[in-house]
Amino acid sequence: MIVKHNKNEFEDYLVDASAFEGFADELVIPESVEEIKQILKEATEKSQKITISGAGTGLTGSRVPLGGKILSMERFNKVINLDKERKTLKVESFVRIEEIAEFLAGSGLFYPPNPTEKLATIGGNIGNNASGARTYKYGATRKYINSIDVVLPTGDSKTIRRGEIFANEYNFEFFTDEGARISFELPKVQMPKVKHAAGYFVEPNMDLIDLFIGAEGTLGVVTSAELQLLASPEQVLGAIIFFDEHEGMFEFLNEIRKVDAVVLPRLIEFFDDNSIMLLRGTIPHIPKSALYALWIEIETSNEKSDETLANLYVFTSQFTSLVDDTWIALNDQEHKRLAHFRHQLPLAVYEKIQQYKQQKLGTDSAVPNEFVKEYYEYIVNLFKQEQLEYVIWGHIGNSHFHANILTKDSDEFNRARKIYVDILARAVSLGGTISAEHGIGKLKKEYLRLLYSEDVIEGFRKIKKAFDPQNVLNVGNIF
Ligand SMILES: Cc1cc2nc3c(=O)[nH]c(=O)nc-3n(C[C@H](O)[C@H](O)[C@H](O)COP(=O)(O)OP(=O)(O)OC[C@H]3O[C@@H](n4cnc5c(N)ncnc54)[C@H](O)[C@@H]3O)c2cc1C
């Protein structure tokens, strides 16, 4: 085990991608499960705080310590086993998303969740139930986690396999590998029926593994996980479709999301007019009259790809006069061009934020599909009324986009913070959520109260207490 006491040796671990900064006494880097068990046992005995660190790409300060020790999982970085027959991959928790994709390249198998940030680790993705563009077709991380090996805050351990331990209605009882009994009651709450990552996952008769996924590291340290893989499609057709107004774009979205649509995408990503304007600065040949764009991917086969392309053309021509300007991708290089278009945007926004020297405010809310256009227009009107600069893009297939407010001074920032709350409250009033993928962490706790009553949040605290009686692990996340 490596231990570092000197702050300048662990400064990088005091922040995450949100730029929120914390503090700690030391950094510990365990090299075995036994060491993690010892560290946690001692922390509970001495009531010392411990914060689990993944790659630090989180956007809510959830890996940022507020005192005590940082527990970095960086030595748990090995792929353990690929089982081609069962289509499963066992990995240690610090294996990065890009490493999983590289490992599986050419195997005919793939891991469906694909969050945009490829440096993130599987442990962090489990912590936040991360999702990505393909979540539109395949769902989020949760669906692809078959089992996890966990060390609990007391130092006990547990292998939790999907399908083995269920709640009896709202009551859980199970035993750790060392024989300790853990029992607790779930709060009776209905989670929003949209893509959702705010607070614990709770439903009657649920599987114990689902409580850990999205728990932001508050219930235990995941040391390894078995992932479910799928057979790769033979061919993927990618397209960036441009629109010169947003009405047609939303009509396209409504129609293509129907189960009997002539083309069925696996992802639908959105770029608003301000995104397109920003991208013109770095990406050549964007059609002159394009104001909005959707990036879609459709799984097909070599034999059917011409037919898929023809169907897409006919379908698209009903909704945009810019159909002939559509960018198509069939080979690797063309797909890279579309991915580059998508990935340049956060970078361009980041540059603006650097220039303005203000904190970025970005939403992570989602609403039921029938309200997505209304919600988008509501947000845009608010920004325009307040004369705030904004950029909106994201996973519109799941009616989930990130509305980013770029403020230039503290007056703008304070006005933006006020309407930020209105935007989240509106999502909740439409039956949506305040966070669809980034979680609550330390930065969004006040907004969880827009979604859940104090009783529900108290119910979450009681769950935490059952696992972590001395409240030592990832303290300050969620509640
Ligand atoms: C440019 C950019 C794009 C992004 N795009 C997406 C996206 O498309 N979808 C998305 O969902 N997110 C996205 N994110 C957010 C981020 O990548 C995810 O939240 C990711 O899951 C964090 O993983 P990490 O390894 O960096 O975890 P960290 O940030 O280090 O930690 C995140 C949480 O997980 C906990 N944790 C980490 N490892 C473990 C473990 N082994 N056991 C238990 N708990 C653990 C931490 O304590 C913390 O609470 C993006 C971020 C950036 C900067």
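Nothing here was measured: the structure is a model prediction, and the numbers come from that model. (Residues numbered from 1 in each chain as written. Predicted model: local features only at pLDDT ≥ 70, side-chain atom pairs only at ≥ 80, totals over all residues. Heavy atoms only, no water.)

Asks: Mind laying out the domain arrangement of the chain, listing which residues take part and the relevant values?
Replies: How big an interface is tends to be expressed through the accessible area that disappears when the partners come together. For the chain, the assigned domains are domain 1 (2-72), domain 2 (79-231 + 462-466) and domain 3 (235-429). Of note, the centres of domain 2 and domain 3, computed from C-alpha atoms alone, are 29 Å apart. Contacts between the two partners involve eleven residues from domain 2 and, on the opposite side, 17 residues from domain 3. Buried area between domain 2 and domain 3, summed over both chains or domains, comes out near 1,200 Å², and the portion from carbon and sulfur atoms is 57%. If you look at where domain 2 meets domain 3, you find one salt bridge. Notably, a salt bridge pairs Glu299 with Lys137, separated by 2.9 Å at the nearest N-O pair. In this assembly, domain 2 and domain 3 are joined by six residue pairs in polar contact (both at pLDDT 80 or more). Broken down by element, the residue count for the side of domain 2 that touches domain 3 peaks at four residues, all from helix α5 (residues 135-138). (Domains from an automatic or database assignment. Contact = heavy atoms within 4.5 Å. Buried area = accessible area lost by both parts, 1.4 Å probe. Salt bridge = Lys/Arg side-chain N within 4 Å of Asp/Glu carboxyl O. Polar contact = N/O pair within 3.5 Å; in protein donor to acceptor, adjacent residues only side chain to side chain. Helix = DSSP H or I, 4+ residues; strand = E, 2+ residues; numbered from the N terminus.)

Asks: For the site of the ligand, give the residues involved together with the corresponding values.
Replies: Among the 33 residues in the neighbourhood of the ligand, the closest are listed as Ile52, Thr57, Thr121, Asn128 and Ser131. Here Thr57 contributes a side-chain N or O atom positioned 2.7 Å from an oxygen atom of the ligand. Within the backbone of Val222, an N or O atom sits 2.9 Å from a nitrogen atom of the ligand. Relative to its unbound accessible surface of 970 Å², the ligand loses 93% to contact with the protein. Looking at the shell around the ligand, the elements that each hand over two or more residues are α4 (122-128) and β12 (221-228). The greatest single-element share of the shell around the ligand, amounting to five residues, is contributed by α4. (Near = heavy atom within 4 Å. Areas by Shrake-Rupley, 256 points an atom, 1.4 Å probe, with all protein chains shown as cover.)

Asks: Kindly report on the nonpolar core, identifying the contributing residues and their values.
Replies: Counting residues in each nonpolar core, the largest one holds 100 residues, and the members touching the most others are Ile148, Phe184, Tyr200, Leu208, Ile392 and Phe467. Counting contributing residues, this core receives three or more from each of domain 2 (79-231 + 462-466) and domain 3 (235-429). Beyond its immediate sequence surroundings of up to four residues, Ile392 is in contact with Phe270, Phe271, Asp272, Ser275, Tyr376, Ile379, Val380, Phe383, Phe401, His402 and Ala403. Within the second largest apolar cluster, 26 residues are counted, among which are Leu278, Leu345, Ile353 and Tyr356. (Core = buried A, V, L, I, M, F, W, Y, C linked by side-chain atoms within 4.5 Å. Buried < 20%, exposed > 50% of the residue type's maximum accessible area, 1.4 Å probe, protein only.)

Asks: Please provide a residue-by-residue account of the packing of aromatic side chains, values included.
Replies: Counted under the stated rule, the structure contains 24 aromatic pairs. Ring centres of Phe243 and Phe252 lie 5.7 Å apart, and the angle between their planes is 75°; this geometry places the pair in the edge-to-face category. In this structure Phe243 comes out as buried when scored by relative accessible area, which is 0%. Three or more aromatic residues joined by ring pairs make a cluster, and in this case those are Phe172, Phe174, Phe184, Phe212 and Phe467. The ring of Trp327 carries Arg337 above its face, with NZ or CZ at 3.9 Å from the centroid. The positively charged end of Lys408 is found above the aromatic ring belonging to Tyr356, 5.4 Å away from the centroid. (Phe/Tyr/Trp six-rings, centres within 6.5 Å; stacked < 30°, edge-to-face > 60°. Lys NZ or Arg CZ within 6 Å of the ring centre and 35° of its normal.)

Asks: Pulling in residues and values, what's your account of the sheet that holds strand β17 (residues 327-329)?
Replies: Reading across the sheet, the seven strands line up as β17-β14-β16-β15-β19-β20-β18 and stay open at both edges, with antiparallel pairing between neighbours. Strands at the two margins of the open sheet, each flanked by one partner only, are β17 and β18 (361-362). By the bridge criterion, five bridges tie strand β19 (residues 389-394) to strand β20 (residues 402-406) in an arrangement that is antiparallel. Note that in β20 the partner of Ile392 across the bridge is Ala403. Contacting β14 (235-243), β16 (292-300) and β17, helix α9 (residues 305-317) crosses the sheet at an angle of about 20° to β14. Each of β15 (265-271), β16, β19 and β20 is contacted by helix α11 (residues 372-385), which is oriented at about 160° to β19, the strand it contacts most. (Pairing = 2+ DSSP bridges. Axes fitted to C-alpha atoms, helices over the stretch in contact; angles between N-to-C directions.)

Asks: Summarise the pattern of salt bridges; cite the residues concerned and give the values.
Replies: Side-chain pairs of opposite charge can arise where the charged atoms are in close proximity. For the coordinates displayed, the defined rule picks out 34 salt bridges. Arg75 is the salt-bridge partner of Glu31, the closest N and O atoms lying 2.8 Å from each other. Separated by 44 residues along the polypeptide, Glu31 in the loop between β2 (26-29) and α2 (33-46) and Arg75 in the loop between β4 (69-72) and β5 (79-83) bring together distant segments of the chain. For Arg75, a relative accessible area of 36% gives the class partly exposed.

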